[in-house]
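Residue-level structure breakdown
Listed below, chain by chain, are the residues.
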Amino acid sequence: MIPDALQQLLDGVDGQETAHWQGRDLVMFNAPWGELIVSLQGAQVLHFRPPEDRGWLWVTPTPQPMPGAIRGGVPLCWPWFADERYADETPDRSGTFHGLARHAPWQLEAADEHADGIELHLSPTQRLHSQLTVRAVIQANAQRLAVELISENVGDTPVKVSGALHSYLAVDDAHQCRLEGLAGARYLDKLRDFAEGEQQGTLAIRGPVDRIYHSNEAVMLHDGPRTLRVGKQSSDSTVVWHPDQQPPADTSLEAAKRFVCVEAANTRLDPVWLVPGAQHLLGTTLSRT
Ligand SMILES: O=P(O)(O)OC[C@H]1O[C@@H](O)[C@H](O)[C@@H](O)[C@@H]1O
């Protein structure tokens, strides 16, 4: 579910086009395999809709201005998740929440479109870290959307990294949703000062949720008759976030009912130590069941 103005821009696209929206440069695709919008601020997928379905991702109708990040789609949180500033190079570790990548300008390096879908390769226009490089690969076809974030240590000392693919999944009503796949997983509850808990059965969204689950399993998001599978790669943390009655300033109460975040992540539970020359691929794959 995306803002009307964004949908109108997309409706005028046949094939691939660039556009400008809310101060951001976008790459848009309207093709037989589906609709896809990527913002070059943060290499952020804002929209994906396969044929004969509705959009899988949600974007706030009232985004904050640049250089703030757009709330919605799949923001790339890198090289740290939340306030886990392991790779923060500022002297007082005052770097921005969720890292540098989602605010930064990125460039499209390659777009390989074929009859069944597309593969996009993006990188930041400038290095974001003295020792780390990062690139993103986005694949979309009529069955799935995959986002990969690939970090490499090009320096000469080990660097500790965390991050997240912070997917905002569009739903009819968050309070009607059930998340399956987390039963038995231990979690840290950020709303209770990181108190530990263990998930019993499915997770229903009945109020605010902000949890880091120690799990590498896929999550099935049941939203009425629809189910979206959130698969992941090289991620032992799954973050589930829904703000309920206290949405952030860039989102109305009404709009906040329409998303649930299920994030493939590396967090304090499973930070990644990258030794010189090593690479790490954090991935998520969304698909219908
Ligand atoms: O408002 P932001 O910076 O995009 O973060 C949104 C949420 O992102 C989640 O990943 C965090 O667990 C939450 O604590 C946070 O509130």
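The structure we're discussing is the one just above.
Bear in mind that the values here come from a model prediction, so they are computed numbers and not experimental data.

What counts, and at which threshold
Residues numbered from 1 in each chain as written. Predicted model: local features only at pLDDT ≥ 70, side-chain atom pairs only at ≥ 80, totals over all residues. Heavy atoms only, no water. Helix = DSSP H or I, 4+ residues; strand = E, 2+ residues; numbered from the N terminus. Rg over C-alpha atoms; globule rule 2.2 N^0.38 Å. Buried < 20%, exposed > 50% of the residue type's maximum accessible area, 1.4 Å probe, protein only. Areas by Shrake-Rupley, 256 points an atom, 1.4 Å probe, with all protein chains shown as cover. Lys, Arg positive; Asp, Glu negative; His and termini not counted. Charge placed at Lys NZ, Arg CZ, Asp CG, Glu CD. Polar contact = N/O pair within 3.5 Å; in protein donor to acceptor, adjacent residues only side chain to side chain. Contact = heavy atoms within 4.5 Å. Near = heavy atom within 4 Å. Nonpolar A, V, L, I, M, F, W, Y, C, P; charged D, E, K, R; others polar.

**Quick notes on the overall build of the protein**
The number of helices and strands found in the protein is two helices and 23 strands. Computed over its C-alpha atoms, the radius of gyration of the protein comes to 18 Å, within 12% of the 19 Å expected for a compact globule of 289 residues. By residue count, 55% of the 289 residues in the protein fall in the buried class. Of the roughly 12000 Å² that the protein leaves accessible, carbon and sulfur atoms contribute 47%. Across the protein, the centroid of the 24 positively charged side chains sits 6 Å from that of the 37 negatively charged ones.

**Notes on the side chain of Asp-250**
Assignment of secondary structure puts Asp-250 in the loop between β20 (237–242) and α2 (253–256). Of the polar contacts made by the side chain of Asp-250, one reaches the side chain of Arg-71; its length is 2.7 Å. Those residues within four positions of Asp-250 in sequence are excluded, and the remaining contacts are Thr-60, Thr-62, Gln-64 and Arg-71.

**A look at the site of the ligand**
Taken together, the neighbourhood of the ligand is formed by Arg-71, Phe-81, Phe-97, His-98, Arg-102, His-166, Tyr-168, Lys-190, Asp-210, Val-239, Trp-241 and Glu-263. In the environment of the ligand, an oxygen atom lies 2.5 Å from a nitrogen or oxygen atom belonging to the side chain of Asp-210. Between an oxygen atom of the ligand and a side-chain N or O atom of Glu-263, the distance comes to 3.0 Å. A class-by-class count of the residues in the shell around the ligand yields five nonpolar, two polar and five charged.

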